[in-house]
Amino acid sequence: MIVGYRMDYQQTYGRTYSRRNDRGNNRNDYRKREYTNSSYNDQQSTDKFMIQIDTEKVGKLIGRGGSNIRDLQDKTGTRIQIERSTGNDTTGVIIIGSAEGQEHAKNLIEESLNDSPPYHSQRLENEQRECDKPQIDFTNFDWSTASKKCDEFQKEKWSKCTPIVKNFYKEHPSVANMTKEQVAHIRKTNNSIEVKYMFDEKNDVSEQLWIPNPIETFEQAFESYPEILEEIRKQGFAKPSPIQCQAWPILLSGKDLIGIAQTGTGKTLAFLLPALIHIEGQEIPRSERNGPNVLVMAPTRELALQIEREVNKYSYHGIKAVCIYGGGNRKEQINVVTKGVEIVIATPGRLNDLVEAKILNISTITYLVLDEADRMLDMGFEPQIRKTLLDIRPDRQTVMTSATWPQGVRRLAQSYMKNPIQIFVGSLDLATVHTVMQKIFIIDEEEKTNMMYQFFHNMAPTDKVMVFFGKKCKVDDVASDLALEGVKCQSIHGGREQSDREQALEDLKTGEVQILLATDVASRGIDIEDVTHVLNYDFPRDIEEYVHRVGRTGRAGRTGESISFMTRKDWSNAQELINILEEANQEVPEELNQMAERYEAWKKKRAAEKQFERMDSRGGGYGGGRRSNNRW
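In this text the structure is predicted, and so the values were computed from the model without any measurement. (Residues numbered from 1 in each chain as written. Predicted model: local features only at pLDDT ≥ 70, side-chain atom pairs only at ≥ 80, totals over all residues. Heavy atoms only, no water.)

### A short note on the overall build of the protein
And step 1. Regarding its fold elements, the protein presents 24 helices and 18 strands.
And step 2. The buried share of the protein, taken over its 632 residues, is 48%.
And step 3. By sequence separation, contacts in the protein at least 24 residues apart represent 75% of the contacts at least 6 residues apart. (Helix = DSSP H or I, 4+ residues; strand = E, 2+ residues; numbered from the N terminus. Buried < 20%, exposed > 50% of the residue type's maximum accessible area, 1.4 Å probe, protein only. Contact = heavy atoms within 4.5 Å.)

### A few points about the packing of aromatic side chains
To describe a pair of aromatic rings, you give the distance between the ring centres and the angle between the ring planes.
And step 1. If you walk through the whole model with that rule in mind, you get 10 aromatic pairs.
And step 2. Ring plane angle 50° and centroid distance 6.0 Å describe the contact between phenylalanine 218 and tryptophan 248, whose orientation is recorded as tilted. Pair noted here: phenylalanine 218 is in helix 9 (residues 218–222) and tryptophan 248 is in helix 11 (residues 242–252), with a separation of 30 residues, a long-range link.
And step 3. Given a relative accessible area of 7%, phenylalanine 218 falls into the buried group.
And step 4. Note on tyrosine 453 and phenylalanine 456: the rings are 5.9 Å apart at their centroids and 90° apart in plane angle, and the pair reads as edge-to-face. A residue pair is termed a helical-turn pair when its members lie 3 or 4 positions apart in one helix, as tyrosine 453 and phenylalanine 456 do in helix 19 (residues 448–457) at 3 residues.
And step 5. Taken together, the ring pairs in this structure connect Phe218, Phe222 and Trp248 into an aromatic cluster. (Phe/Tyr/Trp six-rings, centres within 6.5 Å; stacked < 30°, edge-to-face > 60°.)

### Some words on the pairing of strand 5 (residues 194–197)
And step 1. The alternating pattern of strand 5 places Val195 and Tyr197 on a buried face, while none of Glu194 and Lys196, on the opposite face, is buried.
And step 2. Relative to strand 12 (residues 421–424), strand 5 runs antiparallel, the two being bridged by 4 bridges. Of the residues in strand 12, the one forming a bridge with glutamate 194 is phenylalanine 424. (Pairing = 2+ DSSP bridges.)

### Regarding the packing of helix 12 (residues 267–280) against helix 13 (residues 301–312)
And step 1. Running from N to C, helix 12 and helix 13 cross one another at 50°; their axes reach a closest spacing of 11 Å. Regarding the angle of helix 12 to helix 13, the classification is oblique. The handedness of the crossing between helix 12 and helix 13 comes out as right-handed. The residues of helix 13 that touch helix 12, namely those facing Thr268, Leu269 and Leu272, are Ile307, Glu310 and Val311.
And step 2. Considered class by class, the residues forming the contact of helix 12 with helix 13 number 4 nonpolar, 1 polar and 1 charged. (Axes fitted to C-alpha atoms, helices over the stretch in contact; angles between N-to-C directions. Parallel < 35°, antiparallel > 145°, perpendicular 65-115°, else oblique. Left-handed = near helix turned anticlockwise from the far one by under 90°. Nonpolar A, V, L, I, M, F, W, Y, C, P; charged D, E, K, R; others polar.)

### So, the nonpolar core
And step 1. Counting residues in each nonpolar core, the largest one holds 56 residues, and the members touching the most others are Phe222, Ile228, Leu273, Leu276 and Ile343.
And step 2. Here this core gets 9 residues from one element, more than from any other, and that element is helix 12.
And step 3. If we ignore the near neighbours within four places in the chain, the residues touching isoleucine 228 are Phe222, Leu273, Leu276, Ile277 and Tyr316.
And step 4. Within the second largest apolar cluster, 35 residues are counted, among which are Val344, Ala346, Val355 and Ile392. (Core = buried A, V, L, I, M, F, W, Y, C linked by side-chain atoms within 4.5 Å.)

### Side note on the packing of helix 2 (residues 67–76) against helix 3 (residues 99–113)
And step 1. Axis separation between helix 2 and helix 3 bottoms out at 9 Å; the angle between their running directions is 145°. Considering only the axes of helix 2 and helix 3, their crossing is right-handed. Contacts between helix 2 and helix 3 pair Leu72, Lys75 and Thr76 from the former with Gly101, His104, Ala105, Leu108 and Ile109 from the latter.
And step 2. A class-by-class count of the residues in the contact of helix 2 with helix 3 yields 4 nonpolar, 3 polar and 1 charged.

### A closer look at the confidence of the model for the protein
And step 1. On average, residues of the protein score 81 in pLDDT, and 81% of them are at 70 or above.
And step 2. In the model, residues 201–207 has pLDDT below 50 throughout and makes 9 contacts with residues more than four positions away in sequence or in other chains.
And step 3. Taken as a whole, residues 621–631 scores under 50 in pLDDT and shows 21 contacts with residues more than four places along the chain or in a different chain. (pLDDT = per-residue confidence, 0-100.)

### With respect to unusual backbone geometry
And step 1. In this structure, asparagine 191 is a non-glycine residue whose phi angle is positive, near 60°.
And step 2. Within the fold, asparagine 191 resides in the loop between helix 7 (180–189) and strand 5.

### So, the sheet that holds strand 13 (residues 436–442)
And step 1. Taken in spatial order, the 6 strands make up an open sheet running 13-18-17-14-16-15, and their pairing is parallel. The two strands at the open ends of the sheet, each matched to only one other strand, are strand 13 and strand 15 (490–492). Going across the sheet, the axis of each strand differs from the next one's by a mean of 15°, ignoring polarity.
And step 2. By the bridge criterion, 4 bridges tie strand 14 (residues 465–468) to strand 16 (residues 515–518) in an arrangement that is parallel. Within the sheet, the bridge partner assigned to phenylalanine 468 lies in strand 16 and is alanine 518.
And step 3. Lying over the sheet, helix 20 (residues 472–484) contacts strand 15 and strand 16, oriented at roughly 155° with respect to strand 16.

### A word on the sheet that holds strand 10 (residues 367–370)
And step 1. Ordered by their spatial adjacency, 8 strands build an open sheet running 5-12-6-11-10-7-9-8, and the pairing between neighbours is mixed. Every other strand in the sheet has two partners, leaving strand 5 and strand 8 (321–324) as the edge strands with one partner each. With direction set aside, neighbouring strand axes in the sheet form an average angle of 15°.

### Examining the side chain of glutamate 310
And step 1. By the secondary structure assignment, glutamate 310 is in helix 13.
And step 2. Residue class for glutamate 310 comes out buried when judged on its relative accessible area of 16%.
And step 3. Filtering out sequence-adjacent residues up to four positions away, glutamate 310 remains in contact with Thr268, Leu269 and Leu272.

### Looking at the UniProt feature "domain: DEAD-box RNA helicase Q" (unreviewed entry) in the protein
And step 1. With numbering matched to this structure, UniProt assigns "domain: DEAD-box RNA helicase Q" (unreviewed entry) to residues 217–245.
And step 2. For residues 217–245, helix accounts for 66% and strand for 0%, while the C-alpha atoms at its two ends are 8 Å apart. (UniProt positions renumbered as here; feature names shortened; annotations may be inferred.)

### As for the pattern of salt bridges
And step 1. Enumeration according to the criterion identifies 28 salt bridges in this entry.
And step 2. Across the pair glutamate 545 and arginine 375 runs a salt bridge whose closest N-O atoms are separated by 3.7 Å. Placement of the pair is glutamate 545 in helix 22 (residues 543–550) and arginine 375 in helix 16 (residues 373–378), with a sequence separation of 170 residues. For the pair formed by glutamate 545 and arginine 375, the shared burial category is buried.
And step 3. For the salt bridge of aspartate 520 with arginine 541, the shortest nitrogen-to-oxygen distance reads 3.3 Å. Here the residue aspartate 520 occupies a position in the loop between strand 16 and strand 17 (533–536), and arginine 541 occupies one in the loop between strand 17 and helix 22, the gap between them amounting to 21 residues.
And step 4. What makes arginine 541 exposed here is its relative accessible area of 56%.
And step 5. Beyond isolated ion pairs, a larger network of salt bridges with shared partners links Arg375, Asp520, Arg541, Asp542, Glu545 and Arg549. (Salt bridge = Lys/Arg side-chain N within 4 Å of Asp/Glu carboxyl O.)

Right under this line is the structure:
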């Protein structure tokens, strides 16, 4: 029980938590503030009411970022202050407001702090439960039998599901009659498309006999779906993009697809239009399906919102979509989901949240898209993805898109896709778009800021630049400095509120600002067609991220320019960067070649020293070896 008592208003000073907006930068600033009587002339009482809580529970009362204490204040109409810690077992919590509000706040605080048993008792209870469980002898465990039973359980679980209709493709006669030479020519002239069944050991001979021919016009793909054709015409597209040429026949045929292509090549539309046809073509009426048919998983909020905007451009039989993501209004997202939607676009975290809360039923999903799969794995979402896939029927149609083809993506595809056809657009090797001029400047760290401001000073009125930094704090610092100088800019990073991030992108799109300062949260899934420049203030941590950053410009047939600052600490990326530049026919600075040579020499020297240390250690000597400085 929490005990409280009233005290004179000016008897003590506490601290409260406030949020400030620092020149457009959304920072959380938790600071001590002294209050006087005039600060609270809107309160009905000038009395303070103090309660004592365990000091170890102060953090729980405050909540992450002060969220709990703000919520309590909003609910009760009071002000809640926490006394400075004096090292005692208890800490005073001061409640300022009406007597009714104080009592309400006291009760809510008591409930929030007592809703779970102390850690030590909970741990003992959990340990007792573990002891009560029957123990499994894994020494002689029959894994093959367990695996068989698991398969039988899965088969039984999904056996009562209504069959899925997947094949909606009616091959156009001009496509069906193409010769092998014509097919090869179309694929070669469309960015050297390569197409094959991915996992040969799983393929039936009959499956290998047929890979759909590519289409060359929208009519060849969607002649049987005039409403889709009308929606495409509204968008003003001239012809299908390379990945769309080959992906549409495959997906309309109901086959699983792995699409490997650079960002900005039309991957979203490649999987979206077949998804609309798939939804409408199922046997059960949409009103009786008890959940969505299409799930698109994306790594970031920005990409998820971009996909939602793309979906909303196409009106087809009243199909509705919702975008659910962390940082968005959870209540609003739940309201839309519960009213009924056919397409869910989601980030992995918020998706699992709503599934576990039994708000979203994904057992009805029959068409699954893992968009930017390589980025999702880079961000550590593989456990969430695998957890989600356990709740989706295994006979679904699955689409995976990626800009690269690392081992993790390969493993995921092999585990959860059935005989997928893989499309490569362009080279299998990592490469940047050839419409971007790439410039590399090898400089000292202290030169970066002056060169960046010189670039800003020389920008033309029609230029737009995305500047990438390695740390959120640097984004905030530069944004503050530019604001003080009267330069309009926007910023985006993981620490900003979602509404601020969306506004930042909108301001760059509309031309309200010419400068967007960002971390790698903006390196993928952001489609602003008229970005003219990318400036890498900090070189990215790996070459894949460099490729994605560069891909923010030179989009939709336009040209762009990428400027990258490199310092001695970036030397490990030098050789891979040289490969990228040479592949795109870009100038390679001689200093970059020298940097790569010095790094290779250092690696060899370090490897030799490690070998010496191991041998010395085995011989019982000093074993320390000499340590080399990381000199470039």
